[in-house]
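Architecture and fold: a report
Residues per chain, in single letters:
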Amino acid sequence: MNSTPPRPEGYDPRAFEPFAVTVDLAVLTVRAGRLHVLLVQRGQEPYAGAWALPGGFVLPRESAGAAARRELAEETGLSGATVAGLHLEQLRTYTEPDRDPRMRVVSVAYTALLPDLPEPRGGGDAAEARWLPYNEVPALAFDHDRILADARTRVGAKLEYTCLATAFCPPEFTLGELRQVYETVWGVPLDRPNFRRKVLTTPGFVEAVEGPPRRTGGRGKPAALYRAGEATALHPPLLRPEGRSA
């Protein structure tokens, strides 16, 4: 049975210039103490050989969210199970008329800051896929530089209001290791005593681990260990230093 409603009388879709809808994904992670972004090297024109964010065209009978997961799997070689389990957050829609040299293209961008993702491999129309350090990313195709910058701003804000940073620490971690996650994503150094005070006075953020402290390699005294607490949101938020940004 066809559930498609009838076209309104007098409406002619040919009166409007057609355009395409794409999805782009800014996926970030912390690897070896540095912020990395997932990029693909384009295998065809336009911008053949240039690095870009994973993404592609939304199919006629497909939602933007479904297209984002399909394109991420196709272009990076990540398994369907891995992609299905990712929490992708819609970032914003990019509508500038000349953002794509092929035709008018509107892009719905998604972003995520995720731990423990495997090494990608190229697929689909991507010649290669790779994690690149954020500070070493070259000029990207299309308007992907802008999308990536917007994504970093969004995930930086996410650390202020959620407990996401603990996902990038070992099961038992020091406050120094937790602080390093914030410094890596925000791109700014933090005052150690102030950070410690804020973390320990935020209900449910971390829980102390019983047992001996762990020596961290420096000359100071061994550091106490903590694990992630039961909270998912931070009240009050742990705001980055005023006037600083990545």
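Preceding this section is the structure that the text describes.
Our subject in this report is the structure included herewith. (Residues numbered from 1 in each chain as written. Predicted model: local features only at pLDDT ≥ 70, side-chain atom pairs only at ≥ 80, totals over all residues. Heavy atoms only, no water.)

Turning our attention to the overall build of the protein. Along its length, the protein carries five helices and nine strands. Secondary structure of the protein in N-to-C order comes out as β-β-β-β-α-α-β-β-β-α-α-α-β-β. The principal-axis extents of the C-alpha atoms in the protein amount to approximately 75 × 40 × 40 Å. Counting over 246 residues, the protein shows a buried share of 43%. Long-range contacts, defined here as pairs at least 24 residues apart, represent 67% of the contacts in the protein between residues at least 6 apart. Accessible area for the protein stands at about 13700 Å²; split by element, carbon and sulfur atoms hold 52% of it. Charged side chains of the protein number 30 positive and 30 negative; the gap between the two group centres comes to 7 Å. (Helix = DSSP H or I, 4+ residues; strand = E, 2+ residues; numbered from the N terminus. Buried < 20%, exposed > 50% of the residue type's maximum accessible area, 1.4 Å probe, protein only. Contact = heavy atoms within 4.5 Å. Areas by Shrake-Rupley, 256 points an atom, 1.4 Å probe, with all protein chains shown as cover. Lys, Arg positive; Asp, Glu negative; His and termini not counted. Charge placed at Lys NZ, Arg CZ, Asp CG, Glu CD.)

For the rest of this paragraph, the subject is the layout of surface pockets. When its volume is computed, the second largest pocket comes out at roughly 300 Å³. Every residue lining the second largest pocket is counted, 24 residues in all, and those nearest its centre are Arg42, Gly55, Gly56, Arg102 and Phe142. If you list the elements that add at least two residues to the lining of the second largest pocket, you get β1 (20-31), β2 (34-42), β4 (55-57) and α1 (64-76). (1 Å grid on protein atoms, 1.4 Å probe; cavity = no way out; pocket = protein on both sides within 12 Å on 5 of 7 lines; lining within 4 Å. Points joined across faces, edges and corners; volume = space filled by probe spheres on them.)

A few words on the packing of aromatic side chains. For any two aromatic rings, the description comes down to two numbers: the centre-to-centre distance and the angle of the planes. Throughout the structure, instances matching the rule amount to four aromatic pairs. Geometrically, the ring pair formed by Tyr11 and Phe16 is stacked, given 6.2 Å between the ring centres and 25° between the ring planes. In this structure Tyr11 comes out as partly exposed when scored by relative accessible area, which is 43%. Looking at Phe16, the relative accessible area reads 53%, which means it is exposed. Between the aromatic rings of Tyr182 and Phe195, the centroid separation amounts to 5.6 Å while the plane-to-plane angle is 65°, which identifies the pairing as edge-to-face. Of this pair, Tyr182 sits in helix α4 (residues 175-186) while Phe195 sits in helix α5 (residues 192-201); the two residues are 13 residues apart in sequence, bridging distant segments of the chain. Members of the aromatic cluster, each reached through a chain of ring pairs, are Tyr182, Trp186 and Phe195. When the ring centre of Tyr94 is taken as reference, the NZ or CZ atom of Arg92 above it lies at 4.5 Å. Above the plane of the ring of Tyr134 lies Arg152, whose end atom (NZ or CZ) is 4.5 Å from the centre. (Phe/Tyr/Trp six-rings, centres within 6.5 Å; stacked < 30°, edge-to-face > 60°. Lys NZ or Arg CZ within 6 Å of the ring centre and 35° of its normal.)

Remember, this is a structural readout, not a statement about activity or role.
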